[in-house]
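# What the coordinates show
Next come the chains, spelled out residue by residue.
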Amino acid sequence: MPERAHVGSVEAVEAFRARLIGYLDKARPVLEEVSADLRKVQYWLETEQRVHWERELRRRERALDEAKQSLFSAQLSDFREAGAFEQSAVHRARRALEECRESLDRVRRWSRDLGPRTEPLTRRVQALDTVFSHEMAMAVAFLTEVVRHLAAYAGLRPSTGPGEPHLPSTAMPPAPAPANPSEPPPNDGRPP
């Protein structure tokens with residue numbers, strides 16, 4: 001008859017299972033947060049920033065037109081001092097308009113390039129999320145079954161919480177003591 005295995009640390013498997021569950025409880029929200037942040041950045045670039053800089057571009061184009069109109073009016077009236085001030089205002093408005101165009105171009109380029117640059121990382125995050133939600137859930141279920149089978153094999157009942165002692169699940173009451181100590185104990189079906 002094969003020897004019986006010595007199962008002495010069902011608690012270690014249970015502890016590992018509990019830590020795995022704790023790790024999954026912490027890791028899944030982090031993955032969800034990463035995905036949400038990426039979507040927020042994409043939305044921010046494609047809508048908020050693009051709309052802001054397009055609106056700003058129109059405002060600065062109007063400001064440049066107004067500065068040019070003021071310069072033209074000053075040149076018509078032949079005021080030298082006023083013309084220099086208006087000339088400076090036109091240069092500032094042109095510079096502001098160019099900066100706005102550069103910012104809008106950057107936002108459009110970032111918006112276009114963000115998806116292809118982050119797609120490999122996004123796929124990795126999604127794959128890891130799949131591992132956590134499906135494969136690790138199966139691992140937790142497997143470990144639960146392992147604990148149950150090991151406890152049954154060792155004659156222990158699985159604990160329902162940490163620190164609860166494991167007691168034999170098939171504990172039989174102790175055999176009655178013989179009335180006469182020289183007499184063998186009665187056979188109650190247990191092996192000697």
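Residues numbered from 1 in each chain as written. Predicted model: local features only at pLDDT ≥ 70, side-chain atom pairs only at ≥ 80, totals over all residues. Heavy atoms only, no water.

Moving on: the overall build of the chain. Broken down by element type, the chain carries 2 helices and 0 strands. A burial count over the chain gives 21% of its 192 residues as buried. In the chain, the proportion of contacts linking residues at least 24 apart, taken out of those at least 6 apart, comes to 68%. Working note: accessible area of the chain is about 14500 Å², and carbon and sulfur atoms make up 59% of it. (Helix = DSSP H or I, 4+ residues; strand = E, 2+ residues; numbered from the N terminus. Buried < 20%, exposed > 50% of the residue type's maximum accessible area, 1.4 Å probe, protein only. Contact = heavy atoms within 4.5 Å. Areas by Shrake-Rupley, 256 points an atom, 1.4 Å probe, with all protein chains shown as cover.)

Turning our attention to the nonpolar core. One finds W53, L57, L64 and V90 to be the most contacted residues of the largest nonpolar core, which totals 13 residues. Counting residues per element, the ones that place at least two in this core are α1 (10–77) and α2 (80–154). For this core, the leading source of residues is α2, giving 7 residues. Sequence-distant contacts of V90, that is, excluding residues within four places in its chain, are made with L64, A67, K68 and L71. (Core = buried A, V, L, I, M, F, W, Y, C linked by side-chain atoms within 4.5 Å.)

Our next topic: the confidence of the model for the chain. For the chain, mean pLDDT is 79; residues scoring 70 or higher make up 74% of the total. In the predicted structure, residues 163–181 sits below a pLDDT of 50 and forms 24 contacts with residues beyond four places in sequence or in another chain. (pLDDT = per-residue confidence, 0-100.)

Let's shift gears to the pattern of salt bridges. Summed over all chains, the structure comprises 10 salt bridges. A salt bridge links D129 to R28, with the nearest nitrogen and oxygen atoms 3.6 Å apart. Residue D129 is located in helix α2, and its partner R28 is located in helix α1; the two are separated by 101 residues in the primary sequence. For R28, a relative accessible area of 28% corresponds to the partly exposed category. (Salt bridge = Lys/Arg side-chain N within 4 Å of Asp/Glu carboxyl O.)

The terminal C-alpha atoms of α1, which comprises 68 residues, lie 97 Å apart, in line with the 100 Å expected from a rise of 1.5 Å per residue. Roughly 40° is the biggest bend found in α1, and it falls at W44. (Expected span 1.5 Å × (residues − 1). Bend = angle between axes of the 7 residues up to and from the residue.)

What follows concerns the environment of E56. On the secondary structure map, E56 appears in helix α1. You can call E56 buried: its relative accessible area is 13%.

Turning next to the environment of R28. With 101 residues separating them along the chain, R28 and D129 place their C-alpha atoms 6.8 Å apart. The residues touching R28, leaving out its near neighbours within four places in the chain, are D129, F132 and S133.

So, about the environment of D113. As for its placement among the helices and strands, D113 is situated in helix α2. A polar atom in the side chain of D113 sits 3.4 Å from the side chain of R112. (Polar contact = N/O pair within 3.5 Å; in protein donor to acceptor, adjacent residues only side chain to side chain.)

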